[in-house]
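# Summary of structural features
Below, each chain spelled out in residue letters.
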Amino acid sequence: MYRYSLHKKSIKHKCPQCKKNRFVLYVDNETGDYLTPDVGRCDREINCGYHLTPKTYFKNENKPYRPYNNFNVGVKPKKTNYHAESELNNSLNNYDKNNFVQFLYSKFDSVKVTNLLNEYKIGTSVSWFEGTVFWQIDIQNKIRGGKIILYSKTGKRSKYINWVHALKIKRKSITTYNLKQCLFGEHLLLKYTKPIAIVESEKTACIMSILFEKYLWLASGSLQGLNSQKIEILKTRKIILYPDLGIESKHGSPFSIWKSKCDHLKLKGYDIEISNLLEEKCTKYERENGFDIADYFLKNQSNKPYKINSKTNETILKMYMKNKKIKTLIEVFDLTNLNGKPITF
């Protein structure tokens, strides 16, 4: 067992570099104490990227580094905790006060939005500002966690995030909770055999599940949330990654970080690819503001095609006149005609 790990509770501190309250400290698992106030990781991976590990800290201090506990042998792994189904069911209401849900209803067909809410089990937190609850339910339908995010009425995410179990600990209804996260949407794997598309945010997975039903959309929860433990359940499925846009940091861009993980998983036998569509088509503004595939789609769905290069594509133009989303679908997913050639506007 590792002696040092990032604190798993949803407690954020001021980052030594960017000064934002987005800093997670390393904790000594033997004593339960923080190592030092500057040994940790800022979760603004792209805009800040500060990460001082215990190994680097001890090296800088010329102190011996002991990464493992003395009581390694015979230590049982902590038991994963789960939420009761009643907790989830009790959250499936108050949608009139849920800004994210109301945003979806303002943008998309109400029947599709209602179906989305039922499929992904989107909830409302009445105890935390009517925030949107994204329940993490695993393939065995066990409820591992409830991530709460606050949104504006325009669907813009705030910087405030909480967890259902953290609120319960604060209210002292429970004393501890061992959260072992899974992919958002994992519980749908047994229902659908579609190819898997993985994005960073739960919001993006929700929107894209309405817009492009060819894939089963799952979310890693964050840039660093894509890991081998979460993705192991997908070993037999076809996977495509859609990372967010972002500026190049000392750790790389979101695309390069996920590309590295993609290559590593390929070597392990996964049928996995990564889309570079946003990298090729994005503007400087979109990159600097961290656009994701849903942002790109919503921004471009009203764009009109400016030329038709062949008679074959005249059919596409007729389709476009009936459904203005056709052009963006073709561009975003590199759709081709029956001959395998690109459809050009």
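In what follows, the structure referred to is the one given above.
All values derive from a computational prediction rather than experimental measurement.

Reading the values: rules and limits
Residues numbered from 1 in each chain as written. Predicted model: local features only at pLDDT ≥ 70, side-chain atom pairs only at ≥ 80, totals over all residues. Heavy atoms only, no water. Helix = DSSP H or I, 4+ residues; strand = E, 2+ residues; numbered from the N terminus. Expected span 1.5 Å × (residues − 1). Buried < 20%, exposed > 50% of the residue type's maximum accessible area, 1.4 Å probe, protein only. Arc of directions from axis to C-beta. Pairing = 2+ DSSP bridges. Axes fitted to C-alpha atoms, helices over the stretch in contact; angles between N-to-C directions. Salt bridge = Lys/Arg side-chain N within 4 Å of Asp/Glu carboxyl O. 1 Å grid on protein atoms, 1.4 Å probe; cavity = no way out; pocket = protein on both sides within 12 Å on 5 of 7 lines; lining within 4 Å. Points joined across faces, edges and corners; volume = space filled by probe spheres on them. Nonpolar A, V, L, I, M, F, W, Y, C, P; charged D, E, K, R; others polar.

As a further point, take helix H8 (residues 254-267). With 14 residues, H8 extends 20 Å from end C-alpha to end C-alpha; this agrees with the ideal 20 Å at 1.5 Å per step. Listed as buried for H8 are Pro254, Phe255, Ile257, Trp258, Cys262 and Leu265. The buried residues of H8 occupy an angular sector of 160° when projected down its axis, which confines them to one face.

Let's shift gears to the sheet that holds strand E2 (residues 23-28). The strand order across the open sheet built from three strands is E1-E2-E3, with neighbouring strands paired in antiparallel fashion. Of all strands in the sheet, those bounded by a partner on one side alone are strand E1 (4-6) and strand E3 (40-42). Within the sheet, the average angular offset between the axes of one strand and its neighbour, ignoring direction, is 20°. In the sheet, E1 pairs with E2 via three bridges, with the strands oriented antiparallel. Following the sheet pairing, Leu6 is matched in E2 by Tyr26.

If you trace the four strands from one edge of the open sheet to the other, you get E4-E5-E6-E7, paired in antiparallel fashion. Strand pairing shows two members of the sheet lacking a second neighbour, strand E4 (122-125) and strand E7 (157-163), which therefore form its edges. When strand polarity is set aside, the average angle formed by the axes of neighbouring strands in this sheet is 35°. For strand E5 (residues 131-137) and strand E6 (residues 143-151), the ladder comprises six bridges, and the chain directions are antiparallel.

Turning next to unusual backbone geometry. One non-glycine residue with positive phi stands out, namely Lys19, at about 70°. In this structure, Lys19 sits in the loop between E1 and E2.

Taken as a whole and judged by the stated rule, the model has twelve salt bridges. With a closest N to O distance of 2.8 Å, Arg22 and Asp43 form a salt bridge. Of this pair, Arg22 sits in the loop between E1 and E2 while Asp43 sits in the loop between E3 and helix H1 (54-60), and the two are 21 residues apart along the sequence. Residue class for Arg22 comes out partly exposed when judged on its relative accessible area of 25%. Of the residues examined, Asp43 reaches a relative accessible area of 19% and is grouped as buried. Residue Glu288 pairs with Lys284 through a salt bridge whose shortest N-O separation is 4.0 Å. Taken as a pair, Glu288 and Lys284 lie in helix H10 (residues 284-288) at a separation of four residues, close to a single helical turn. Sharing partners across several salt bridges, the network here consists of Lys12, Arg22 and Asp43.

In total, this model carries one cavity of 30 Å³ or more according to the counting rule given. Its volume calculated, the largest cavity comes out at about 40 Å³. Residue lining of the largest cavity: Tyr242, Pro243, Asp244, Phe255, Ser275, Leu277, Leu278 and Glu279, and that is the complete set. Considering each element in turn, the lining of the largest cavity owes the most residues, three residues, to helix H9 (residues 277-281). In the lining of the largest cavity, the residues fall into five nonpolar, one polar and two charged.

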